[in-house]
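Descriptive analysis of the structure
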Amino acid sequence: MSVASGFPGLSCQTRAGLLITLSEDRRADLFALAKREAILAAVANSLHAEGLRPLFFKGWTVAQYYERPDERAMGDIDICALPVEFSSVRRALETLVPPAARAATELEDGTVSLHIAAGAPHLGVMVDLHRHLAKYRLDVDEVYAQAQEMRVGGGTRILVPCPEHHLRICAMHFLVDGGVHRRPLEDVAAIVAACAGTFDWQLALGHDPIVRGWVACAVRLAEQLLSRDLATALPGMVRDVDPPAWLLKTARAALSRGERMNGQRLNLSEIYRLAPRHLPREIAARWPNPIRASVEFNRAFDNAPRFPIQLTHFLRGAAQYVTRPLRR
């Protein structure tokens, strides 16, 4: 696994000298990495001071599997707390929210999003505090039992998922979003490449046969769409999984278009009022991605037609939309 800094083994003075000789983009990447390390260390230290040790995952923590962690772009900070500590972790994080920032937002799955400033105004970032890891088909207690420590910011130690659980998180992140984002698939490839020879594939795939198939298919997609070199690192139980044609086609098309599953759209009623001629196009745009529909309905990635699953998903969404005013 890569060392947290971009220049392992070098003093700060030597690193500063090397930065001068690097390209502008490389310097920007390294400064972004250092900034994220400072934020993570500040957040972790604030939580540790309260006797709290939540789990950090994705983002900077998964970047450490890359040969050059600074090349992995970073967005929000993802944290998961044990149920008995969730409220305490939330309160501790809320003390880091600047006065002018918006209040914490709670999503439908219970995740709480907060904008924090970790020690200084320029060290601001969004934090997603997760109540559980059900979206990734993982049990929080199981992940904590296998969690490992990682050093950040020179000395601060944080808890992170073991490589096997981190792979499942990244694989499921890719699939839950419908395969439209390249980054989690790159994370899958990075973990497999970094841990070849020491990886516990039984732990990574889990016991549920459907989830095993999903994760194995995600790994095979990472091999086929990103890095053929991964093939030598895969065991037979993964190599023997052949992603169905519809899955490979959907993932390849989605990645090439850079789709956004969660983009904001006007309500259909507003479209009908403002531009009714666009209504057929907007209805078609809401047709569900077959990967995401299959995961939401807990269906295996087999060769069965996806149309019935997509239709059911679409009709359920339409029913929820139509009855929404009645439920208020």
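Small disclaimer: the values here were computed from a predicted structure and weren't measured. (Residues numbered from 1 in each chain as written. Predicted model: local features only at pLDDT ≥ 70, side-chain atom pairs only at ≥ 80, totals over all residues. Heavy atoms only, no water.)

**Structural notes on the overall build of the chain**
So the rule is basically this: Secondary structure elements follow DSSP: runs of H or I of four or more residues count as helices, runs of E of two or more count as strands, with numbering from the N terminus. Contacts are assigned to residue pairs that have any heavy atoms within 4.5 Å of one another.
When helices and strands are counted, the chain shows 15 helices and seven strands. Put simply, of all contacts in the chain between residues at least 6 apart along the chain, 63% involve residues at least 24 apart.

**Side note on the pattern of salt bridges**
The criterion, for reference: Take a side-chain nitrogen of Lys or Arg and a carboxyl oxygen of Asp or Glu: if they are within 4 Å of each other, that pair is a salt bridge. Throughout, exposure labels follow a simple rule: accessible area from a 1.4 Å probe, protein chains only, divided by the maximum for the residue type, with under 20% read as buried, over 50% as exposed, and the rest as partly exposed.
Within the structure shown, the criterion is met by 14 salt bridges. Between Asp 70 and Arg 68 there is a salt bridge; the shortest N-O distance is 3.6 Å. Of the residues examined, Arg 68 reaches a relative accessible area of 32% and is grouped as partly exposed. The partner of Arg 131 in a salt bridge is Glu 106, and the shortest N-O contact between them spans 3.2 Å. With Arg 131 in the loop between β5 (124-130) and α5 (140-146) and Glu 106 in strand β3 (residues 105-106), this residue pair connects regions lying 25 residues apart in the sequence. Judged by its relative accessible area of 43%, Glu 106 falls in the partly exposed class. Where salt bridges share partners, they join Arg 90, Glu 94, Glu 106 and Arg 131 into one cluster.

**Thoughts on empty space enclosed by the protein**
Filter applied, for reference: Using only the protein atoms, space was sampled on a 1 Å grid; points where a 1.4 Å probe fits but cannot get out form cavities, open sets with protein on both sides within 12 Å along at least five of seven lines form pockets, and lining residues are those with an atom within 4 Å of a point. Grid points are joined across faces, edges and corners, and a volume is the space filled by probe spheres set on the points.
Enumeration according to the criterion identifies one cavity of 30 Å³ or more in this entry. A volume near 60 Å³ is recorded for the largest cavity. Forming the boundary of the largest cavity are Arg 36, Leu 40, Phe 56, Phe 57, Lys 58, Gly 59, Trp 60, Thr 61, Asp 76, Ile 77 and Asp 78. Looking at the lining of the largest cavity, the elements with two or more residues in it are α2 (24-49), β1 (55-57), α3 (59-63) and β2 (77-80). In terms of residue count, α3 provides more of the lining of the largest cavity than any other element does, three residues in total.

**Here's the deal with the pairing of β5**
Put simply, the rule is: When DSSP finds two or more bridges between two strands, those strands count as paired.
Burial within β5 is extensive, with six of its seven residues counted as buried. Bridge count for β2 against β5 is four bridges, and the pairing is parallel. The residue of β5 that forms the bridge with Asp 78 is Asp 128. In the sheet, strand β4 (residues 112-117) pairs with β5 via six bridges, with the strands oriented antiparallel.

**Considerations on the packing of aromatic side chains**
Put simply, the test is: The criterion for an aromatic pair is that two Phe, Tyr or Trp rings (for Trp, the six-membered ring) have centres within 6.5 Å, with stacked assigned to planes under 30 degrees apart, edge-to-face to planes over 60 apart and tilted to the rest.
A full pass over the atoms with the stated rule returns six aromatic pairs. The interplanar angle of 65° and the centroid separation of 4.6 Å between the aromatic rings of Phe 199 and Trp 201 together place this pair among those described as edge-to-face. In terms of burial, Phe 199 and Trp 201 fall into one category: buried. Seen in terms of ring centroids, Trp 214 and Phe 301 are 6.0 Å apart; in terms of plane orientation they differ by 40°. Their pairing is tilted. Here Trp 214, found in helix α9 (residues 209-225), pairs with Phe 301, found in the loop between α14 (290-296) and α15 (307-327); they are 87 residues apart in sequence, far enough to count as distant. The two residues Trp 214 and Phe 301 agree in class, both being buried. Members of the aromatic cluster, joined through ring pairs, are Trp 214, Trp 246 and Phe 301.

**Some remarks on a nonpolar patch on the surface**
Selection criterion: Patch definition: residues with relative accessible area over 30% and no salt bridge; like charges joined within 9 Å; nonpolar side chains (Val, Leu, Ile, Met, Phe, Trp, Tyr) joined within 5 Å. Computed with a 1.4 Å probe, the accessible areas rest on the Shrake-Rupley method; for each residue, only the protein chains presented here act as cover.
A cluster of nonpolar residues, Trp 287, Phe 307, Leu 311 and Leu 315, forms a patch on the protein surface that exposes about 370 Å² of accessible area. Here Phe 307 shows up in helix α15.

**As for the confidence of the model for the chain**
Atomic detail in the predicted coordinates should be set aside for any region of low pLDDT. Worth spelling out the cut-off: Residue-level confidence of the predictor, termed pLDDT, takes values from 0 up to 100.
A residue-level look at the chain finds 81% of positions with pLDDT of 70 or above and a mean pLDDT of 85. For the chain, helix α1 (residues 12-21) is the element with the lowest average pLDDT, namely 54, and helix α6 (residues 163-176) is the one with the highest, namely 98. In this model residues 1-10 is a low-confidence stretch, pLDDT under 50, and it forms 26 contacts with partners more than four residues away in sequence or in other chains. In this model residues 259-266 is a low-confidence stretch, pLDDT under 50, and it forms 15 contacts with partners more than four residues away in sequence or in other chains.

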